[in-house]
Amino acid sequence: MEGLQERQFTRLMYSMATSSSLTLPQAVEQLGRDAHIRTLGETLAKYARTPGEDEKALQAFLTGRLMEHSPQGTKRDTVSRKVRMWLDGKIRSLSKEGAIQLCFALELSPEEADGFLHRTCGEGFHWRDPEEIVFLYALREGMTYPRAQALRDALAAEGLLAGGEDGGEGYTGLVRQEAERIASAEELRDYLREAQGRLGNLHNTAYALFREYLGLLQSPEINDLLEPEEKLSVREVTATYLHEALVPRVRQAARGRSEQQILSALQRDIQQNWPDETALSKMLHRKTDVTRKVLILLFLATDGAVQTAAGGEDIPEDGEDYDLEEAGFEDRYARINAMLSDCGFGPLDSRVPFDWMILYCMCIEESMFIDGQVEAFLEAVFPSESFGAG
């Protein structure tokens, strides 16, 4: 369970973002000064079930557990140094591979591990990814991480972890129901062989929504300036709706330092993985997976017009019985979190600066003005004189 202070900070930041009492300059100033950004140390203490204020005890505990779940020959000093970096407050996310290893070290159940992954790398287990199905099975069986790796490697050697072409044709819900019934290593092997065409490491639900959102933004029907047969390109969508020009790219800055090094914590969190034309094109052609940040931004740009209403009811195609413009913040908040859950991503988190920005911008009365609010927020966070034009 979350600690009392953590819950209080989460409620505080949510209230600040959604109260409509802060002007935009006040919001940016408040977020930059007192964001109560959740640290990796807080998350590790929560799932390790140790007092977070005793950092030395937490470091010793994590180091010991990781040594038990590391290959033979791993040096304790190396592990201890890595843990120290996690706890010093400068790192707020982990690679998914590193987070999965920690799930084993902390002896988490699959359900706990899913929450831990959401906190540490932005997405939970992907049940259609054959490698992650193996790790989920190993967690249920109480294996050590080295044993789980050995099982994965053996199955990979048999060609059972390749998955289907272009991510397969299956969807996560059905695969999860099937995979949760696996009760032995032999059943796991048989399942991976039988279901191979339905498995893959790309998120199909996220991709389907991505295509729908992108198609809406490219459509001439939503832009009166376009000719009837004209269609926005991916570059134009990125520039117009994802505000690419307002978010600085990582490049060399003063005295040889990169912009990433001189950005504030607030700026780094918002800038990280901000989509550009290349990223969007790779997602469109399934060269890389659709990201949580891209889905959220596209949702806002379309007001989630292809999603379902809060409570799971389909939005009528004719729009007569359900007006997105009249839906309001609470409905929009429910729909965006439902979308994220469907795609395997964590819900909006008021202690993550990017998510706080989204919550603040969503609270504007008319949904048609959300896009302009996001643009104004980014202009305030990344003043052009600080980084140069473009």
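Residues numbered from 1 in each chain as written. Predicted model: local features only at pLDDT ≥ 70, side-chain atom pairs only at ≥ 80, totals over all residues. Heavy atoms only, no water.

So, on to empty space enclosed by the protein. This structure, assessed with the given rule, holds two cavities of 30 Å³ or more. Considering only enclosed or pocket space, the largest cavity measures out at about 60 Å³ in volume. Broken down by secondary-structure element, the contributors of at least two residues to the lining of the largest cavity are α17 (292-302) and α20 (370-381). By volume, the second largest cavity amounts to about 40 Å³. Along the walls of the second largest cavity sit 10 residues, with H126, T172, H203, N204 and T205 positioned nearest its centre. With three residues, helix α12 (residues 204-218) is the largest single contributor of residues to the lining of the second largest cavity. Among the residues forming the lining of the second largest cavity, the class breakdown is three nonpolar, five polar and two charged. (1 Å grid on protein atoms, 1.4 Å probe; cavity = no way out; pocket = protein on both sides within 12 Å on 5 of 7 lines; lining within 4 Å. Points joined across faces, edges and corners; volume = space filled by probe spheres on them. Helix = DSSP H or I, 4+ residues; strand = E, 2+ residues; numbered from the N terminus. Nonpolar A, V, L, I, M, F, W, Y, C, P; charged D, E, K, R; others polar.)

A few words now on the pattern of salt bridges. Under the counting rule described, the total for this entry stands at 19 salt bridges. We note a salt bridge from R198 to E194, for which the minimum N-O separation is 3.2 Å. Here E194 falls in the exposed class, since its relative accessible area comes to 52%. For the salt bridge of R292 with D355, the shortest nitrogen-to-oxygen distance reads 2.7 Å. Taken together, the positions of R292 in helix α17 and D355 in helix α19 (residues 353-362) put the pair 63 residues apart, joining distant regions of the chain. Judged by relative accessible area, R292 falls into the buried class, the value being 16%. Connected through shared salt-bridge partners, D303, D331, R332 and R335 make up one network. (Salt bridge = Lys/Arg side-chain N within 4 Å of Asp/Glu carboxyl O. Buried < 20%, exposed > 50% of the residue type's maximum accessible area, 1.4 Å probe, protein only.)

Between α17 and α19, the shortest axis-to-axis distance is 12 Å and the interhelical angle comes to 10°. When the axis of α17 is compared with that of α19, the two are roughly parallel. Two secondary-structure elements touch here, α17 through R292, K293, I296, L297 and L300 and α19 through F354, D355, I358 and M362. Here the residues of the contact of α17 with α19 are counted per class, giving six nonpolar, no polar and three charged. (Axes fitted to C-alpha atoms, helices over the stretch in contact; angles between N-to-C directions. Parallel < 35°, antiparallel > 145°, perpendicular 65-115°, else oblique. Contact = heavy atoms within 4.5 Å.)

The final tally for this structure, using the stated rule, is zero disulfides. Left without a disulfide partner, C121 is nearest to the cysteine sulfur of C103, which lies 8.1 Å away. A relative accessible area of 24% places C121 in the partly exposed class. (Disulfide = S-S within 2.5 Å.)

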